[in-house]
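A structural walkthrough
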Amino acid sequence: MFEQFSRGYYLGRLYIEPRDDAAAAMCREQHERVNEQLYASGEGVERTDYPLVMKLGSQHFAVHGDEQVPADTLVVPEPMLEDANVRNPPSLEEVFLAKADHAAQLLSLSEGAPTLPDTAV
C-alpha cells in the first residue's frame, strides 16, 4: 500500500473522497495493518489505533481507522479537497504517510492530538 519515498515519508495511492465529518479516516483494517507495519517498534504488545499522519497537497493531518470507509480509500473533510486541488472525487491520488519519527513530531505540534508512544520513535 505504501512504499519508501524519502527519509520522512512513505508514498501511496488512495482514492480520495469527501466526508462531512471534521476528521480524516481510512479503512480500519488497513489503518491497523499500516500502523503495525510502519509505526510499531516490534517489541511486545503494541496499540495499533494511534493516528497515522498523512500529507495531501501541502496539508498534514491525522488519519484514524473507520469501519465505514472502504479499502484503499481516504475520506477527508471537503475543504481539504479544495486545498489539495482534488478534482471530481473519488479520485486516485498520491498520498504521503509520515514515518514514525516524523509523525510523532508532527502530532506533538498539534494541540490536543495524541502522540505516538516513545517506543515507536
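This text follows the structure it describes.
First, a word on scope: everything that follows refers to the structure included in this document. (Residues numbered from 1 in each chain as written. Predicted model: local features only at pLDDT ≥ 70, side-chain atom pairs only at ≥ 80, totals over all residues. Heavy atoms only, no water.)

1. Things to note about the pattern of salt bridges
Convention followed: Salt-bridge detection follows one rule: a side-chain nitrogen of Lys or Arg within 4 Å of a carboxyl oxygen of Asp or Glu. Strands here mean DSSP runs of E at least two residues long; helices mean DSSP runs of H or I at least four residues long; both are numbered from the N terminus. To sort residues, take the accessible area from a 1.4 Å probe on protein chains only and compare it with the maximum for the residue type: under 20% means buried, over 50% means exposed, and anything in between is partly exposed.
The tally for this structure, following the rule as stated, stands at 3 salt bridges. Close ionic contact of R19 with D66 constitutes a salt bridge, the shortest N to O distance being 2.5 Å. Here D66 lies in strand β5 (residues 59-66) and R19 lies in strand β2 (residues 9-19), a separation of 47 residues in the sequence. Judged by its relative accessible area of 19%, R19 falls in the buried class. Across the pair R33 and E29 runs a salt bridge, and its minimum N-O distance is 3.7 Å. You can see R33 and its partner E29 sitting in helix α1 (residues 28-39), 4 residues apart, about one turn around the helix.

2. Considering the side chain of Q30
How we decide: Contacts were defined at the residue level, with two residues in contact if any of their heavy atoms lie within 4.5 Å.
Within the secondary structure, Q30 sits in helix α1. Those residues in contact with Q30, other than ones at most four positions away along the chain, are M1, A71 and D72.

3. Overview of the packing of aromatic side chains
Short version of the rule: In summary, the pairing rule links any two rings of Phe, Tyr or Trp, Trp by its six-membered ring, whose centres are within 6.5 Å, and it sorts them by plane angle into stacked for under 30 degrees, edge-to-face for over 60 and tilted for everything else.
Summed over the entire model, instances satisfying the criterion amount to 2 aromatic pairs. A centroid spacing of 5.9 Å and a plane angle of 70° characterise the contact between Y9 and F96, whose relative ring orientation is edge-to-face. Taken as a pair, Y9 in strand β2 and F96 in strand β7 (residues 91-98) lie far apart in primary sequence, 87 residues in all. Among the aromatic residues, those joined into a ring-pair cluster are F5, Y9 and F96.

4. Observations regarding the pairing of β7
To keep things clear, this is the line we draw: Any two strands between which DSSP finds at least two bridges are classified as paired.
In the sheet, β2 pairs with β7 via 8 bridges, with the strands oriented antiparallel. In the strand pairing of β7, I16 is matched with S91. Bridge count for strand β4 (residues 52-56) against β7 is 2 bridges, and the pairing is antiparallel. When the sheet's bridge partners are listed, K55 is paired in β7 with F96.

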